[in-house]
Amino acid sequence: MSGLMRFLASSITFMQHLTNVRVFFDNHCIGNIEKSLVASRSIDLPREPKKSSAKEIIMDTTEIQHHNIIIKATIMRAEYEDATTEKVDLSMFTAKADVTMNEESSDELVRCMKKAPPAELEYSLIYTGKDEEKCDGGSESHSQGNRSHDGTSIFQGLRADLNEARHTRIFIGHATTQTTGIGGHMASRFIPTIERELIDLSATNAAIHHWNSELLHVGGLLSRAVYEWELSNIQQSWEQGATGNLSSRPSLELQDQLNQRFLHVLRFFTFHPSTPAPEVSRWLKDAFYGCSQLPLMLLSSVGVCGAADLRIFDPAFAFLKPLPMLSEYVTRNGVTAITSLPDSHKIRSIEPSDVQRSLDAHTLNEEDLVSFLRWWITLQRKNPTWSTENLLHSAILSGTDGRRLPLSSVEHFVDPKGLGAYIPADGPLPSYLLPLTVYKHFSRADLASIRWREFTVNNWLEHLSDPRLMSAYPRYDFTKSIDWAARVLGTLSRLWPSLSDEMRHKAKEILENRPCIPTTHGLLPPDSSYLLVANDNPFHNLELAIVQFSPGLQTNRELEMVLTFIGVRMHVPPEVFLDRMDIWDGSVSVLIRYLVKVQIPSNEVDKLKSLGAFTEEAPTGNASDRSERLRYRVDELYPPESIFHGLQLPIISWDEEWSNDSPEAQLMYRLGLRRFPPLGKIVELCASSDASVRIAAFLYLCNNIGSCYPDYKPEDFRDVAFIPAENCLERGIHLKTLDNVCWGTQWRVLGFSVAAEPTTEPVEISFSRLGIQQHPSSSTLLARLQTTSRDEGMASQWFECLADCISSLRDDHRSTLSGMQIVPTRSSGVLQWVTPVQCYLGHPKDEFTRDLCIFVGFGMKANQFLSACGSKDEPSVKDIAECLIDDPERFYKLAGGPQGFLAKLRDLAIQVRRTPNLNDTLEKMVSKRTLLGVRRIYDDDGQRTDVYELRKPEEIVIIDDTKDGELFNESIWASPEEDLESFYASIGCRKLSRVVKEQYEYSHEIEDHETACVVKDLVLERLPIFLERCTNTRPKIHFNSFRDKFRVRVCDTLRVSKTFTIGKNTTKTQEVWAAAKHDAQAGIELWISRHARRDIYDLAVSLCRLVFGTAKGHDTLVLAAMLSDRELLKRAGFHVEQDPKQRLPKVFSDEPISSSSMEPSSSASQRGTSLLFSRRHGSSAFHNAGHSVKGGPVSNRETLGMTKTKIWPPSQVIPQSLIRAQVKSAIDDCTSGPGDFHRRTDAIQSLNAGYCNDDGPVGNLQLRGKIGDIEVHVAEGVPEFDMLMKDKHEPLGRFVGTITPIATAFNLPITSLHIFYDVPGGPIAFNRGGNIYLNLRFFEEWHDADVKIGDRERALSSWSAPFPPSGAVSLLTGYALRFFALAHELAHNLVMEHNSDHEFWFSAICEEHFAALSQLLRFGNPQVESNQGGFSRIGLSSFLCGYR
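These numbers were taken from a predicted model, which means no experiment stands behind them.

Conventions used here
Residues numbered from 1 in each chain as written. Predicted model: local features only at pLDDT ≥ 70, side-chain atom pairs only at ≥ 80, totals over all residues. Heavy atoms only, no water. Helix = DSSP H or I, 4+ residues; strand = E, 2+ residues; numbered from the N terminus. Buried < 20%, exposed > 50% of the residue type's maximum accessible area, 1.4 Å probe, protein only. Contact = heavy atoms within 4.5 Å. Pairing = 2+ DSSP bridges. Phe/Tyr/Trp six-rings, centres within 6.5 Å; stacked < 30°, edge-to-face > 60°. Lys NZ or Arg CZ within 6 Å of the ring centre and 35° of its normal. Axes fitted to C-alpha atoms, helices over the stretch in contact; angles between N-to-C directions. Parallel < 35°, antiparallel > 145°, perpendicular 65-115°, else oblique. Left-handed = near helix turned anticlockwise from the far one by under 90°. Nonpolar A, V, L, I, M, F, W, Y, C, P; charged D, E, K, R; others polar. Patch = residues over 30% accessible without salt bridge, like charges linked within 9 Å, V, L, I, M, F, W, Y side chains within 5 Å. Areas by Shrake-Rupley, 256 points an atom, 1.4 Å probe, with all protein chains shown as cover. Salt bridge = Lys/Arg side-chain N within 4 Å of Asp/Glu carboxyl O. 1 Å grid on protein atoms, 1.4 Å probe; cavity = no way out; pocket = protein on both sides within 12 Å on 5 of 7 lines; lining within 4 Å. Points joined across faces, edges and corners; volume = space filled by probe spheres on them. Polar contact = N/O pair within 3.5 Å; in protein donor to acceptor, adjacent residues only side chain to side chain. Expected span 1.5 Å × (residues − 1). Disulfide = S-S within 2.5 Å.

> Please explain the overall build of the chain as it appears in this structure.
Tallying secondary structure elements over the chain gives 55 helices and 40 strands in all. Sorting the 1444 residues of the chain into buried and exposed places 50% on the buried side. Nonlocal contacts in the chain, meaning residues at least 24 apart in sequence, comprise 65% of its contacts between residues at least 6 apart.

If you want it as structure tokens, here you go:
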């Protein structure tokens, strides 16, 4: 029932003719609503209307009517006996508008609405004023009687909604769901949607859209008219309330009521977003603000005014009373309404121009002035960008006495807590000061920020001393009025502690020459007045003007300070009693005692200093009268102390005992009594002819130079000989200048003058203060060092002395010393002098270094000097290289021949890689015979002889083509080792392939299509396999070139001419079977000679040179094997077709194989197959066969699997003779050269870590000595490695005794075995270039204790095997294992990797020497014979299964 009544109440509100509605239930009236209208009146339309921007205006508002509506509702509830009655008063404003439409728009509306649009219409708005609101906390209904049971009013929603306007609706006869966005309901003839819940604002129908938008424009205009009507009522109330008030404003109570009323209407017409269509409130707002050209009217502090003239409330501007501002109430409670105003009606903040206009318009009273100054001070702190200079010129204070004081004339302020609290309030003040009542509202910092200067006591005194003021007001003349003078001095004394020195002196200037001091003789100037205590001075009988105190001038400490400062005398001036000195028999001590008592001021002290009133002490035995003695100034005399008597200086006459700490003595020193002689005087005394004076003066100077003579500068006395010195060339003490003396006693024996030691203080402190250097000057030392004759002993003394002063030498002096021949050395008994940079101070690491360089030693201290002059502990790599460049022959001789020289070159190559900035040194090596070349010469029996010779880098080649190397072996000086090839290349050596020019000649091409096809198929089948799987060399021609432009041509004969271009050109011509060439136009051509002997090796060489640009040995051999042996490829796992060679013509296949072809042979077992070829890329045994472990090219006997005998087919067994030959080759490859070792990373690829890998953590090995013929090496990082030979002498001897029999069993040269010692983590043993290295550290840990107690056999067997035996090994005696470690390393001379090939040759070596092992075990004296007894190969292999 309540909901029905609320619906009827809201609906009847906007109905023109319906005034009463009753609701019946069973003929009982249960609800009644009655509406009554009060007489209406017209209100004005908005002034200065603004034309709408719409293209077609169809509605024109003609008038607006205001109605008061009273609605009364009664509702009967069944559960209550009495009826509930509610009543509401509403204000309705209705706008009438004429409608004018064109025919097209009218027809469109007729079509849509089925009726013609009206000629005129009404638009209604319900407005609830502030007076109509209830005070019940925001309830929207006004009721009489009781409310409904649920607490809600029937008229809920009809009243104003000021909370974001979420409940006010647009009515079209009934309420729609569309809100208005303002505080009241609206009703008019809107065209709704089909559901009649919303007004139709869709743009699909232009006529309806235009109709509704025009209606909303009428609603906005109506709202603006209601707003202006309410504002005009407020303005009328404002003017009525202000009538008769002096301030032209209503009372504060009325202002509060009007501000509340204004805020209500402002909030009512604040446009919030409407829902669901936000366009409604937006279009209403546009019409509200756009219907008039006038700005929106708002209530300000001076009444209603336009928004452009209004400013936001700011309490800081309370002094701007004429400026229109919003009230504080509206500003605080109407934030949303104010911020929602459009930009054209925004309320601005107060600007400087507003302040300027307001100050120009009216003056300020004291209250306004305080407010203005507070704002101004705050503004300067928070917003210094405001221009405020003109504001001070515009502000004028209007005083209570009618005086007008512009603030621009104010220059000072009075600190209310400073001067303002002490100056007499009744005294005169300058006219440029503000009233003191204004100043008390601010702090000193606030007043100072206004750029006013503080009114100081000096300003006050200057104002009081103004003659105009003193003549106008005699009672304020402090030179005539004793009372006013006493008040001024009293005020000054109270302020005195807070005054600065500058202000005190200024006050003194004002008062010192004026008669302002009250004395017994009246007002006198300060310097004529005395502040003395009667009967307490020796001059009390003098008539003096004593300060006269009074009740207005009480004596206190501050007043005494003021009086004495401005010039009042505390004692009798010296000239007063000095004029009477002739009649006064008082002594100096009595006078000084009085002056101490009265505390003589500083200015009087200065006067006493200039008076010659003091006498000298009478000589002993001559007591003459004091008046007859000469008088001195006090600064010409010295205190009566013994030291000054010894220096024969004038002493002051003093009748009492002298004490330096007494007040009298301190005053004497203030007057100028000498505490010590002047600097020039004491130096003069040091050079005195009187020995006693000279000694005493020098002692005094040394002991007191730091305390008495801080300004002493040695350069001021360079030419004065005042330093007592002695040397070994002169007898006694003699005087020297500062430049000719030092204090280091070690220089005395070298002929330098050394200062005598006159003091117990440390010599270096006193002498350094005097400017005496510890050492002679650098120029003196260099000159004396060049001219003084010396021997080896004297040189050592010189070096030790120079070590003490080396830090003081400049860089140019050190450079000079480093180039002077001052170091003695003997060569073949002859004494020679060399420079420090040519000497080395450490211990040579070997005999070579000792003989190559000059090593000297003069002791630790002397060596420090030589080190600073350029001597090094040991030669650097650059020094070694320079020695090689300076004298290559001597270097070669000292190295011990080719092997030693090569070892040094290897070491030099490693160091060069590690050492930067050696390019200049390497460039020098290019032009000298600094490299060792080898020439290999073969005799008729095929034996090779290596000839070594020092050559220039340009004369040595790096053999990168094995075949050309053999062809020109008698003309080539080659790099001796592969390890040195990169170093040789960096110096300037060229590769052989670059210096050999070749030219092919063929005769009579033969059309042999079958041979060409077979060879072509063979190459195209095998070459890709080789390039992909069997070489690491980067090809220069890709295989795709073969497929596209590869031709095989056959000729009768094929010759190649090769010319070696270094030195005299050497040309050799050979007939070959195959040759390949590449032409950019013709492509790749392979020529085959029909009549030459078939040589697959020739074909491999030609292809390698074509593809890689050179024919390396291992690449050529691998390719030759792949081209020649199809079965070998199949066993290696490659799928190949039928051997193309079987399809060669008979003339090819029946030809004997050339001995120079070097075709690889096959073994009878799978082990032999894997020896020649491995499927693993880059790690085959055949790949390693072309290079020995030493890294250089190998001879035929060094190539594994290679022989000059017949090739063994796969079906046959390899002969024992071949196996023995390879085993013998492994033994022969063990060199007896020096065991110099350096790390290498490219030779060993996959050895087991920790056993025989020389790339492990062992690092660099340094030779440290020998045990017999076995060299001992130490790894880098071993602590105290220099003591190894001494500390490990006994274990080394036992180790050598253990491994020597094993070497004998293998017929190994004992020099091929080496012992090394490293830090934990290194290998047990390894093979390096045919040299076998064994680790002493493992022998010590495992077996040294057994050998030491005599159990040698266990050590022999265990050391021979690096891993514990098991299985079959345990069946044999442990003695059989003692040589297996050496056999393992010897096998690495044949195969570098740990694979099946290595196992095969390890077994072969063990079998070959097992007979010698048996004799060693049985008799201890092995007979080294090969192939005598022992296991068979199969049996030994089975036996070794457990070992491996």
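> I'm lost on the sheet that holds strand 22 (residues 754-755) in this one. Help?
Pairing between the strands of a sheet is mediated by backbone hydrogen bonds and can be parallel or antiparallel. Ordered by their spatial adjacency, three strands build an open sheet running 21-20-22, and the pairing between neighbours is antiparallel. Strand pairing shows two members of the sheet lacking a second neighbour, strand 21 (730-736) and strand 22, which therefore form its edges. The sheet contact formed by strand 20 (residues 723-727) and strand 21 spans four bridges and is antiparallel. Considered in strand 21, the bridge of Ala725 is made with His734.

> Looking at this structure, I do not really get the packing of aromatic side chains. What am I missing?
Here a ring pair, both rings aromatic, is described through the centre-centre distance and the interplanar angle of the planes. The full count for this structure, using the stated rule, is 39 aromatic pairs. Here Phe891 and Phe901 contribute two aromatic rings whose centre-to-centre distance is 5.7 Å and whose plane-to-plane angle is 90 degrees, an arrangement assigned as edge-to-face. Separated by 10 residues along the polypeptide, Phe891 in helix 32 (residues 888-895) and Phe901 in helix 33 (residues 898-914) bring together distant segments of the chain. For the pair Phe1400 and Trp1401, a centre-to-centre distance of 4.9 Å together with 80 degrees between the ring planes defines the contact as edge-to-face. Trp1401 matches Phe1400 in its accessibility class, with the two residues each being buried. Geometry around Phe565 places Lys508 over its ring, the cationic atom sitting 5.7 Å from the centre.

> How should the packing of helix 23 (residues 679-686) against helix 24 (residues 691-708) be read in this particular structure?
Helices that pack against each other are described as a pair by the angle of their axes relative to one another and the distance between those axes. Where helix 23 contacts helix 24, the two axes come as close as 7 Å, and the packing angle between them is 135 degrees. When the interaxial angle is binned, helix 23 and helix 24 end up oblique. In the packing of helix 23 onto helix 24, the handedness of the crossing is left-handed. Where helix 23 approaches helix 24, its residues Ile682, Leu685 and Cys686 are matched on the opposing element by Val693, Arg694, Ala697, Phe698, Tyr700 and Leu701. Its residues placed into classes, the contact of helix 23 with helix 24 shows eight nonpolar, no polar and one charged.

> Can you walk me through the pairing of strand 23 (residues 823-827) in this structure?
A regular strand places its side chains on the two faces of the sheet in alternate fashion. As judged from the five bridges shared by strand 23 and strand 24 (residues 830-834), these two strands associate in the antiparallel manner. The partner of Ser827 across the bridge, within strand 24, is Val830. Following strand 23, the chain reverses through two residues before pairing antiparallel with strand 24; Ser828 in that reversal takes a positive phi of roughly 60 degrees.

> Looking at this structure, how should I read unusual backbone geometry?
If a residue is not glycine, its phi is most likely negative; likewise, a peptide bond is most likely trans. Thr275 connects to Pro276 through a cis peptide bond whose omega is -5 degrees. Here Pro276 lies in the loop between helix 4 (252-268) and helix 5 (279-290). A positive phi is found at Asp26, a non-glycine position, where the angle reads about 55 degrees. Take Asp26: it is sitting in the loop between strand 1 (20-25) and strand 2 (28-37). Judged by its relative accessible area of 58%, Asp26 is exposed. The backbone of Gln648 sits at a positive phi, close to 60 degrees, despite the residue not being glycine. Counting through the fold element by element, Gln648 comes out in the loop between helix 21 (642-646) and helix 22 (663-671). You can call Gln648 exposed: its relative accessible area is 59%.

> How should I be thinking about the environment of Ala206 in this particular structure?
You can see Ala206 is positioned in helix 3 (residues 206-242). The exposure class assigned to Ala206 is exposed, which follows from its relative accessible area of 57%. Residues Ala206 and Ser105 lie 101 residues apart in sequence; the distance between their C-alpha atoms is 8.6 Å.

> So what exactly am I meant to see when it comes to the sheet that holds strand 39 (residues 1325-1328) here?
The strand order 36-37-38-40-39 describes an open sheet built from five strands, whose pairing is mixed. Pairing within the sheet leaves two strands with one partner each, and these edge strands are strand 36 (1261-1267) and strand 39. Here the average twist between neighbouring strands, direction ignored, is 30 degrees. In terms of strand pairing, strand 38 (residues 1313-1317) meets strand 40 (residues 1331-1335) through four bridges, oriented parallel. Considered in strand 40, the bridge of Ile1315 is made with Leu1334. Contacts from helix 48 (residues 1289-1305) reach strand 36, strand 37 (1270-1275), strand 38 and strand 40, with the element oriented near 150 degrees to strand 38.

> Help me understand a nonpolar patch on the surface in this model?
Together, Met1, Leu4 and Phe7 line one region of the surface with nonpolar side chains, adding up to about 280 Å² of accessible area. Examined against the element boundaries, Met1 turns out to sit in the segment before helix 1 (2-13). Of the residues examined, Met1 reaches a relative accessible area of 38% and is grouped as partly exposed.

> Would you mind showing me how to read empty space enclosed by the protein here?
Any empty space left between the atoms is revealed when a probe the size of a water molecule rolls over them. By the definition in use, this model includes 11 cavities of 30 Å³ or more. Its boundaries defined by the atoms lining it, the second largest cavity holds a volume of some 90 Å³. For the second largest cavity, the full set of lining residues is Lys963, Tyr1000, Val1056, Lys1058, Gln1070, Val1072, Ala1074, Asp1098, Val1101, Ser1102 and Arg1105. Elements supplying a minimum of two residues to the lining of the second largest cavity: strand 32 (1046-1060) and helix 40 (1096-1108).

> I tried to follow the environment of Thr825 on my own but got confused; where do I start?
Following the sequence through the fold, Thr825 ends up in strand 23. Residue classification places Thr825 among the buried positions, given a relative accessible area of 14%. Separated by 29 residues in the primary sequence, Thr825 and Ile854 have C-alpha atoms spaced 8.2 Å apart. Apart from the residues within four sequence positions on either side, Thr825 is in contact with Val830, Leu831, Gln832, Val834 and Ile854.

> Help me understand the environment of Leu729 in this model?
As for its position among the elements, Leu729 is in the loop between strand 20 and strand 21. Given the relative accessible area of 69%, Leu729 is considered exposed. Between the C-alpha atom of Leu729 and that of Gly751, which follows or precedes it by 22 residues, the distance is 6.4 Å.

> When you look at the side chain of Lys1058 in this model, what are you seeing that I'm missing?
When you line up the elements, Lys1058 lands in strand 32. Here Asp964 takes part through its side chain, which lies 2.4 Å from a polar atom of the side chain of Lys1058. When neighbours within four sequence positions are excluded, Lys1058 is seen to be in contact with Asp964, Leu967, Phe968, Val996, Lys997, Glu998, Thr1066, Thr1067, Lys1068 and Arg1105.

> Can you help me understand the pattern of salt bridges in this one?
Any two side chains of opposite charge can pair, given that their charged atoms come close. Throughout the structure, instances matching the rule amount to 42 salt bridges. The residue Glu351 makes a salt bridge to Arg348 at a minimum N-O spacing of 3.8 Å. Among the residues examined, Glu351 registers a relative accessible area of 31% and is labelled partly exposed. For Arg348, a relative accessible area of 38% gives the class partly exposed. Across the pair Arg1047 and Glu1085 runs a salt bridge whose closest N-O atoms are separated by 3.8 Å. One end of the pair, Arg1047, is in strand 32; the other, Glu1085, is in strand 35 (residues 1083-1089), with 38 residues separating them in the sequence.

> Help me understand the side chain of Ser481, please; the structure alone is not making it clear to me.
With respect to the element layout, Ser481 can be found in the loop between helix 14 (467-472) and helix 15 (482-495). Using a relative accessible area of 18% as the deciding quantity, one classes Ser481 as buried. Among all residues touching Ser481, those that are not within four sequence positions of it are Pro474, Arg475 and Leu523.

> Before we go on, may I ask you to explain helix 38 (residues 1009-1029) in this structure?
Think of an α-helix as turning once every 3.6 residues; residues three or four places apart then point the same way. Here helix 38 spans 31 Å end to end across 21 residues, near enough to the 30 Å set by a 1.5 Å rise per residue. Every buried residue of helix 38 is listed here: Thr1011, Ala1012, Val1014, Val1015, Leu1018, Val1019, Glu1021, Arg1022, Leu1023, Pro1024, Ile1025 and Phe1026.

> What am I meant to see in the state of the cysteines here?
A full pass over the atoms with the stated rule returns zero disulfides. We note that Cys686 lacks a disulfide partner, and the nearest cysteine sulfur, in Cys702, lies 7.3 Å from it. Relative accessible area serves as the criterion here: at 1%, Cys686 is assigned to the buried category.

Honestly, that's just the spatial picture; any functional story needs more than this.
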